Amino acid sequence: MKHFTQTCFLLITCIVISNISFANDGRHAPSLFTTARFMASVKRIDSINAVNATAKVCACQILNLRSNNHQVKNAVVFAEKTNKEGNDDLVKAKMRLEKEKRLMRILFFPKIEVLASTSSATDCNTLFIQLKKKQDDLLLYEVLNADIIVK
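The structure displayed is predicted, hence computed values, not measured ones.

What counts and how
- Residues numbered from 1 in each chain as written.
- Predicted model: local features only at pLDDT ≥ 70, side-chain atom pairs only at ≥ 80, totals over all residues.
- Heavy atoms only, no water.
- Helix = DSSP H or I, 4+ residues; strand = E, 2+ residues; numbered from the N terminus.
- Buried < 20%, exposed > 50% of the residue type's maximum accessible area, 1.4 Å probe, protein only.
- Contact = heavy atoms within 4.5 Å.
- Phe/Tyr/Trp six-rings, centres within 6.5 Å; stacked < 30°, edge-to-face > 60°.
- Salt bridge = Lys/Arg side-chain N within 4 Å of Asp/Glu carboxyl O.

Colleague: Residues and numbers for the side chain of E100, please.
Modeller: Here E100 lies in helix α3 (residues 87-107). On the basis of relative accessible area, E100 is assigned to the buried category, the value being 13%. Those residues within four positions of E100 in sequence are excluded, and the remaining contacts are E142 and L144.

Next comes the structure, spelled out in structure tokens:
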């Protein structure tokens, strides 16, 4: 609901600014200062959303997957969990990742090779961007929601 409210506010602000700009003969157009303040407020809202997004933990594994007729190299599988209990949340994210690997092995890829494993107190999108800067040939395979209990 909060995101919806922020989006509506931004949309209404854009409409008002465009109406002011186009509804007159140009003598009363909004100043650059007003536009700069508007853009600063948009950046502030984005930074607030970014702070809220960092309340997550992420476990990650880079895998080589192989079946009889298909091979996927450098597949990245993430498990993301809301950070409420600190270290326990990271353990739960890792457990979710291991369960998914077992299912992948049974259903799709009987040969799974773990190339690397990492975890971070950040959201998975940020972690993927950091990993992609280091190794360009990574393939985002899946981001699992570790908040959902899988039995």
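Colleague: Account for the packing of aromatic side chains, naming residues and giving values.
Modeller: According to the stated counting rule, one finds two aromatic pairs in the structure shown. Judged by centre distance (6.5 Å) and plane angle (70°), the ring pair of F109 and Y141 falls under edge-to-face. Here Y141 lies in strand β4 (residues 139-145) and F109 lies in the loop between α3 and β3 (111-120), a separation of 32 residues in the sequence. Residue F109 is classed as buried on the basis of its relative accessible area, which comes to 6%. Taking the relative accessible area as the measure of exposure, Y141 reaches 32% and is therefore partly exposed.

Colleague: Break down the pattern of salt bridges for me, citing the residues and quoting the values.
Modeller: Under the criterion given, the structure shown has five salt bridges. One salt bridge in this structure joins K92 and E85, with 3.2 Å as the shortest N-O distance. By relative accessible area, K92 is classed as partly exposed at 36%. Its relative accessible area of 44% is what places E85 among the partly exposed residues. Salt-bridge contacts for E98 lead to K101; the nearest nitrogen and oxygen are separated by 3.4 Å. Remark: K101 and E98 occur in helix α3; sequence separation between them is three residues, near one turn of the helix. You can call K101 buried: its relative accessible area is 10%. Through salt bridges with shared partners, one network takes in K81, D89 and D147.

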